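Residue-level listing of the chains:
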Amino acid sequence: MLPEYTPDTSLCERFQEFHDRNHWVFYVPRTGSEDEEARAYGLLFEILRKQTAIMMITPADPERYEPVYREAIKYSLPTIRHSRLFTSKVPKNNRVYFIEEAEPVRDFYACAGLVVPGGTLGADSTTTPDLVTPILAGKPVLVGPHRQDPTVKAAVEAGVVRAADDVEGLAEAARELLGDPEAASELATKAQAWLEQRGG
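All of the points below concern the structure found in this document.

Counted by the stated rule, this structure contains one disulfide. Residue pairing for Cys 12: its cysteine sulfur links by disulfide to Cys 111, the two sulfurs lying 2.2 Å apart. Because the sign of the S-S torsion sets the handedness, a value of about -85 degrees for the bond joining Cys 12 and Cys 111 places this disulfide among the left-handed ones. Within this pair, whereas Cys 12 is found in the segment before α1 (16-20), its partner Cys 111 is found in the loop between β4 (96-98) and β5 (114-115), the two being separated by 99 residues in sequence. Residue Cys 111 is classed as buried on the basis of its relative accessible area of 3%.

What follows is the structure, given as structure tokens:
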């Protein structure tokens, strides 16, 4: 039996201008190390070379919210913090949406065009990758080079998620999926069927 996934989709209205302008929105949830965050920002920079995009990102450990945000300032990217947004929309000049509250983390899967799970980007990550939630949300999944987790390994072998070994490869795969909604939807549908077959 698959778990329930009923997100608060009203949060996705914050990104409506991005979607209306065909700008890309992707999500890197539950990162577990500085290396993972650095690769996530590297992926964003690579994507921004050719396409306007915004990255949603949140560390897995609430105790790391403030340190990770402070560290991210060095990237000099226009960033808005979930806890500090007092309007209904994310300003279109923002490039990072930093989530520092545990409760809405699952809701934001519904807002993304692509999910890159924490726990797959860095060898020293303390996070167990979550493939189930993005698949339940109907989102295509792209995993990084660290694929030892049994579910991640099985999903890659079944061809229901995309995988890449470095930032450049991740950016190329992300462009292919975000730039081709039909292919992204097909991959997400295939992943849902695979998940149902496995029983979650």
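What follows continues from the structure just given.
In this section: the sheet that holds β5. Read from one edge to the other, the open sheet built from five strands follows the order β3-β4-β2-β1-β5, with strand pairing classed as parallel. The open sheet has two edge strands, β3 (79-81) and β5, and neither has a second partner. Where strand β2 (residues 53-59) and β4 come together, three bridges link them in parallel fashion. Each bridged residue has a counterpart across the sheet, and for Ile 57 the counterpart in β4 is Phe 98. Here helix α2 (residues 34-48) sits on the sheet and contacts β1 (24-31), β2 and β4; the angle it forms with β2, its principal contact strand, is near 175 degrees.

The rules behind each value
- Residues numbered from 1 in each chain as written.
- Predicted model: local features only at pLDDT ≥ 70, side-chain atom pairs only at ≥ 80, totals over all residues.
- Heavy atoms only, no water.
- Disulfide = S-S within 2.5 Å.
- Helix = DSSP H or I, 4+ residues; strand = E, 2+ residues; numbered from the N terminus.
- Buried < 20%, exposed > 50% of the residue type's maximum accessible area, 1.4 Å probe, protein only.
- Pairing = 2+ DSSP bridges.
- Contact = heavy atoms within 4.5 Å.
- Axes fitted to C-alpha atoms, helices over the stretch in contact; angles between N-to-C directions.

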